[in-house]
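The residues making up each chain are set out below.
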Amino acid sequence: MSAGELIPCRGIVGADWQPVNQQATPETLSGESDILELGPSYWVVDFEVECPTREDFDTWSAFLARRSGAAVTFTAPRTFRKLPRDPFILSDAGVSLSSIDAPARQITLGGVGTEAAFVGDMVSYRTANGGYYIGQVQQDAVPAGGSITLSVWPEPMAAHATTPSPRRIEALGEFRLDGAPRWSGEWRRRGVRFSAKQVIR
């Protein structure tokens, strides 16, 4: 079993990505409220998988068993949004992570040429502790001099010192199971539903 194993692609019919902000909003007597930030923001994903064949069922059964509950992480792209909207982005070869401004929730990529970014695009990179950051672009952006600065959610994390390997195509996040998978054994609709929470490291 290995942490960071890529999720199987076959059979996924639903993948709902929900943004979670760790906040508390205690109200005052005047009816106003202060927002208290309790920790970093993250993604929760609800997966739905259909397993029409024995091979599909066995593939998913083994993959989920290898997770050992929440002990062993896995990586996953945003299944139905794997490609950026700019049709000229065909490869991430030569793209670098130039800088990170966590308070401003911005990252700058180098080596992008004339390739733009659009609201909703996903971007990822390897983190300082060997995990994966995955973020969603919040504003359209155009490059200048081969570099592009992206406003992203959630707040970016420190990058890997030597190989951050930024990705715009099939951007990856790292997740762990959140609760037990829910299997369905109906003859015509075998499958599984499960939730996963983003790993922050």
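See above for the structure.
Residues numbered from 1 in each chain as written. Predicted model: local features only at pLDDT ≥ 70, side-chain atom pairs only at ≥ 80, totals over all residues. Heavy atoms only, no water.

A. Here's a closer look at the pattern of salt bridges. All told, the structure shown has ten salt bridges when counted by the stated rule. A salt bridge links Arg 66 to Glu 5; the shortest N-O distance between them is 2.6 Å. Taken together, the positions of Arg 66 in the loop between α1 (54-65) and β6 (74-77) and Glu 5 in strand β1 (residues 5-6) put the pair 61 residues apart, joining distant regions of the chain. Taking relative accessible area as the criterion, Arg 66 reaches 29% and is therefore assigned partly exposed. The salt bridge involving Arg 10 is made with Asp 56; its shortest N-O contact spans 2.5 Å. (Salt bridge = Lys/Arg side-chain N within 4 Å of Asp/Glu carboxyl O. Helix = DSSP H or I, 4+ residues; strand = E, 2+ residues; numbered from the N terminus. Buried < 20%, exposed > 50% of the residue type's maximum accessible area, 1.4 Å probe, protein only.)

B. Quick peek at the side chain of Thr 75. Among the secondary structure elements, Thr 75 is positioned in strand β6. Contact partners of Thr 75, with chain neighbours within four places excluded, come to Gly 4, Glu 5, Leu 6, Ile 7, Tyr 132, Leu 172, Gly 173 and Glu 174. (Contact = heavy atoms within 4.5 Å.)

C. Molecular detail of the pairing of strand β8 (residues 106-110). Among the five residues of β8, four are classified as buried, and the element is accordingly described as predominantly covered. Inspection of the sheet shows strand β7 (residues 96-101) paired to β8 by five bridges, in the antiparallel sense. Residue pairing for β8: Leu 97 is matched across the bridge by Leu 109. Remark: four residues form the turn of the hairpin made by β7 and β8, two consecutive strands paired antiparallel; Arg 105 in that turn has positive phi of roughly 55 degrees. Of the strand pairs in this sheet, β8 and strand β11 (residues 148-153) are connected by four bridges, and their pairing is antiparallel. Paired with Gln 106 across the two strands is Ser 151, which belongs to β11. (Pairing = 2+ DSSP bridges.)

D. Quick peek at the nonpolar core. Among the nonpolar cores identified, the biggest contains 23 residues, and Ile 7, Trp 17, Phe 47, Trp 60, Phe 74, Phe 175 and Phe 194 are the most heavily contacted of them. Only β2 (12-20), β5 (42-50), α1, β6, β12 (172-177) and β14 (191-198) provide two or more residues apiece to this core. Per-element tally for this core: the top contributor is β5, with four residues. Discounting chain neighbours no more than four positions away, the residues touching Trp 60 are Ile 7, Pro 8, Arg 10, Ile 12, Val 49, Cys 51, Trp 183 and Phe 194. One finds Val 95, Ala 117, Tyr 125 and Tyr 133 within the second-largest nonpolar core, a separate group that totals 15 residues. (Core = buried A, V, L, I, M, F, W, Y, C linked by side-chain atoms within 4.5 Å.)

E. Inspection of α1 at higher detail. End to end, α1 covers 16 Å across twelve residues, agreeing with the expected 16 Å (1.5 Å per residue, within 8%). Three or more residues of α1 are buried, namely Asp 56, Trp 60, Phe 63 and Leu 64. Buried residues of α1 fall within an arc of 95 degrees about the axis and therefore sit on the same side. Opposite the packed face of α1, turned more than 90 degrees from it, sit the exposed residues Arg 54, Glu 55 and Ala 65. (Expected span 1.5 Å × (residues − 1). Arc of directions from axis to C-beta.)

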